[in-house]
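Each chain, letter by letter, is given below.
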Amino acid sequence: MDLSYDEIVGKFEKYVFQTYTRQPLAIRKARGAVVEDVNGKEYIDCVAGIAVNNVGHCHPAVVDAIKRQAEQLIHVSNLYYTEQQAVLAEELAHLTKMDRVFFCNSGAEAVEGALKLARKASGKKRFIAAEHAFHGRTRGALSVTHKEKYRKPFEPLAPAVFIPYNDADAIRGAIDDDTAGVILEPIQGEGGVIIPSDGYLKEVREICDETGTLLIMDEVQTGFGRTGKWFAREHSGIRADIMTVAKAMGGGFPMGSMLAREDVAANFGRGDHASTFGGNALSCAAAIANIEVIKREGLVKRSEEMGKYLVQRLKGLHKDYIKEIRGRGLMVGMELTVKCDDIVNRARERGVLLNCTSDSVLRFVPPLTIAKEQLDKAVAVLDEV
Ligand SMILES: *Cc1c(COP(=O)(O)O)cnc(C)c1O
């Protein structure tokens, strides 16, 4: 298969749903923090599949685990047990400090599971979510996603109210007799890398405890070392009742999970939830290898260090188009006074992939393995454009 850029785009235009705004770039290969297009041009990747490729593209240990597992067993369904799912469940429970895990294949699917579990555990219907929250595009997840443009055409959705992020009192005021749970990202990702003030999540935890409300923490984007901790909840020291992870879980392989505390998890009985592909041997093998790499290469610490370095370099830019630079680990947002599409385009032409979210926030979520020199080059290109 060696199609040209035009042939590839031609087929997309003819056959693929036109639901994405794609950049004019067709990627053929990737390794570490570098991707290569079909013409052989290389790019430093500060997007990493949107916080997916934390261990870098095609990490040899993940590739090897996928190859070896693919030769042994790919899929058998959850009608049976597999050792890969057993080992990963134990590892993930330890890492997240949750008690039980349900395996699925994506972030939205993990959120669906979380909402269903909260609905059943509480016996109540309504969710509280934050303004600018993003939790996915399936109908349950969409019901707690804030953006009007995403939601409106698909109403009626499940009942939800939106409160301002980083305002614990707003949550206190919104909880009523029909509240099934509160769902929050510990750092808002799609919303523009919004970091709450110290103490916010702790206060939310206290409010949920006082009122007996379930707290769902969506760590789909913030997990697996992205923010300089294994999971971003560690920055505030709190534990959620239900937690969702996905993006970086499988080292690029589709993988997600919903986790819960024992007493909450106990509300899901046999038949209450299921997924055909969820936790299949191949995705579990990829996730096990991915977690091993994060540990072995000290990527959680590295994320913290390189994140600080990147923020410091970006702050050195001192340009009047920069409104604010904020970050935790290698999850960094640079809010501009202008829209960022143009900058993304011009940086790409110069060999750097950047992502723009919420119109005017440049979001840096590169592989945690990215070299200092690669970050330097990205910052230099950014300065130029
Ligand atoms: C990306 C994301 C999702 C949705 O994940 P998909 O795998 O795209 O379904 C959910 N929640 C958060 C916080 C995300 O960043």
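Since the model is a prediction, treat every value here as computed from it, not as a measurement. Sequence positions are assigned chain by chain, starting from 1 and proceeding in written order. Given that this is a predicted model, residues contribute local features only at a pLDDT of at least 70 and side-chain atom pairs are listed and counted only at 80 or more, while totals for whole chains, interfaces and linings are drawn from all residues. Only hydrogens and water are set aside; all other atoms, that is, all heavy atoms of the structure, feed into the side-chain values.

What follows deals with the packing of helix H3 (residues 60–72) against helix H11 (residues 281–296). At a minimum axis distance of 8 Å, the contact between H3 and H11 shows a crossing angle of 155°. Between H3 and H11, the angle falls in the class roughly antiparallel. Remark: the crossing between H3 and H11 carries right-handed chirality. Contact residues: H3 offers Ala 61, Val 62, Ala 65, Ile 66, Gln 69 and Ala 70, while H11 offers Ala 281, Leu 282, Ala 285, Ala 286, Ala 289, Asn 290, Val 293 and Arg 296. Its residues assigned to classes, the contact of H3 with H11 comprises eleven nonpolar, two polar and one charged. To obtain each axis, a line is fitted to C-alpha atoms, and for helices this fit is confined to the stretch in contact; angles are then taken between N-to-C directions over 0 to 180 degrees. Secondary structure elements follow DSSP: runs of H or I no shorter than four residues count as helices, runs of E no shorter than two count as strands, and numbering proceeds from the N terminus. Each angle receives one of four descriptions, namely roughly parallel if under 35 degrees, roughly antiparallel if over 145, roughly perpendicular if within 65 to 115, and oblique otherwise. By definition, turning the near helix anticlockwise from the far helix through less than a right angle yields a left-handed crossing, and turning it clockwise yields a right-handed one. A contact between two residues is defined here by any heavy atoms of the two lying within 4.5 Å. Side-chain classes are defined by residue name, with Ala, Val, Leu, Ile, Met, Phe, Trp, Tyr, Cys and Pro counting as nonpolar, Asp, Glu, Lys and Arg as charged, and the others, Gly among them, as polar.

Right, let's talk about the side chain of His 59 for a bit. For His 59, the position within the fold is in the loop between helix H2 (48–51) and H3. The term polar contact refers here to a pair of N or O atoms within 3.5 Å; inside protein, the definition further demands a hydrogen-donor-capable atom paired with an acceptor-capable atom, and it admits residues adjacent in sequence only when both atoms are side-chain atoms. At a separation of 3.0 Å, a polar atom in the side chain of His 59 contacts the main-chain amide nitrogen of Ala 61. When near neighbours in sequence (up to four residues on either side) are disregarded, His 59 contacts Val 293, Arg 296 and Glu 297.

For Thr 213, the position within the fold is in the loop between helix H9 (200–211) and strand S8 (214–218). Within the local environment of Thr 213, its side chain forms a polar contact with the side chain of Thr 211, the two groups lying 2.8 Å apart. Discounting chain neighbours no more than four positions away, the residues touching Thr 213 are Ile 175, Thr 179, Gly 181, Val 182, Arg 205, Cys 208 and Asp 241.

Let us look at the domain arrangement of the chain. Reported domain spans reflect what an automatic or database domain assignment gives. Assigned domains of the chain: these are domain 1 (5–55 + 299–384) and domain 2 (62–296). Every contact between the two is made by 26 residues of domain 1 and, on the other side, 29 residues of domain 2. Simply put, the buried area is the total loss of 1.4 Å probe accessible area from both parts when two parts are fitted together. Carbon and sulfur atoms make up 58% of the area that domain 1 and domain 2 hide from each other, which totals about 2,200 Å². Contact with domain 2 buries area across many residues of domain 1, yet Val 300, Arg 328 and Met 331 alone supply 34% of it, more than any other trio. Salt bridges are counted wherever a side-chain nitrogen of Lys or Arg sits within 4 Å of a carboxyl oxygen of Asp or Glu. Connecting domain 1 to domain 2 are two salt bridges. A salt bridge links Glu 190 to Arg 363; the nearest nitrogen and oxygen atoms lie 2.6 Å apart. On the surface where domain 1 and domain 2 come into contact, there are 17 residue pairs in polar contact (both at pLDDT 80 or more). If one sorts the elements of the side of domain 1 that touches domain 2 by residue count, helix H12 (residues 299–315) sits on top with four residues.

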